[in-house]
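Examination of the molecular architecture
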Amino acid sequence: MVFIVHKIYFCLALYFGFSLLIIYTLPLLLTSLEFKSLFFIDFNESLNISNTAFGLAIGIQMLMWGLTGPIFGAVADRFGGHVAIISAFIFYTLGIYFLYTGPNTGIFFQIHMGLLIGIGLGGTAISIPMSVVGKHFPLSTRTIAMSIVTAIGSFGYFLSPIF
């Protein structure tokens, strides 16, 4: 038992930088849909976005999430999970940045909110971090490690109103 605990501590120390990335971004990324739908009234009032345009953007986002998830999974298998998560995080960050600074009317809203953020969610949602943790830890400690990652992701529901 002591050996297993020391091995867990060693593995966590080895991947400390990657763990920080997961700890700080996973809660926010897992709650992105709830976060955006919470502030739909702000999109509607300040950007004059209709219910239809917002629903289409979220539909494109979910479609892109589903289409790019297996692609980022293949990237994670071939080059490592950190490459998949960082590249997807770049798409997600670009979508948020353009949504904040760029023109947000018509097709631009669909590209920013739907396409870019959807591609980002394909690689940063729970599937890629869980597969990385599942490959890294031995069978005897895999469930506790995956439970910790899931709990950290669920903690985003608590943090999302703050941001």
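First, a word on scope: everything that follows refers to the structure included in this document. (Residues numbered from 1 in each chain as written. Predicted model: local features only at pLDDT ≥ 70, side-chain atom pairs only at ≥ 80, totals over all residues. Heavy atoms only, no water.)

1. A word on helix H6 (residues 81-101)
- Its 21 residues place the ends of H6 30 Å apart at the C-alpha level, agreeing with the 30 Å of an ideal helix rising 1.5 Å per residue.
- Residues of H6 that are buried include every one of Gly81, Ala84, Ile85, Ala88, Tyr92, Gly95 and Leu99, and no others. For H6, the buried positions fall inside an angular range of 90° around the axis, keeping them on one side. (Helix = DSSP H or I, 4+ residues; strand = E, 2+ residues; numbered from the N terminus. Expected span 1.5 Å × (residues − 1). Buried < 20%, exposed > 50% of the residue type's maximum accessible area, 1.4 Å probe, protein only. Arc of directions from axis to C-beta.)

2. Thoughts on the environment of Gln61
- Looking at the secondary structure, you find Gln61 in helix H5 (residues 51-79).
- Overall, the relative accessible area of 0% leaves Gln61 in the buried class.
- Taking the C-alpha atoms as reference, Gln61 lies 9.4 Å from Gly122; in sequence the two are 61 residues apart.

3. Concerning the packing of H6 against helix H7 (residues 107-124)
- H7 packs onto H6 with a crossing angle of 160° between their chain directions and a minimal axis gap of 7 Å. Accordingly, the angle class assigned to the pair H6 and H7 is roughly antiparallel. In this structure, H6 meets H7 at a crossing whose hand is left-handed. On H7, the residues that touch Ala84, Ile85, Ala88, Phe89, Phe91, Tyr92, Leu94, Gly95, Ile96, Phe98 and Leu99 of H6 are Phe109, His112, Met113, Leu116, Ile117, Ile119, Gly120, Leu121, Gly123 and Thr124.
- Residue classes in the contact of H6 with H7 are distributed as 16 nonpolar, 5 polar and no charged. (Axes fitted to C-alpha atoms, helices over the stretch in contact; angles between N-to-C directions. Parallel < 35°, antiparallel > 145°, perpendicular 65-115°, else oblique. Left-handed = near helix turned anticlockwise from the far one by under 90°. Contact = heavy atoms within 4.5 Å. Nonpolar A, V, L, I, M, F, W, Y, C, P; charged D, E, K, R; others polar.)

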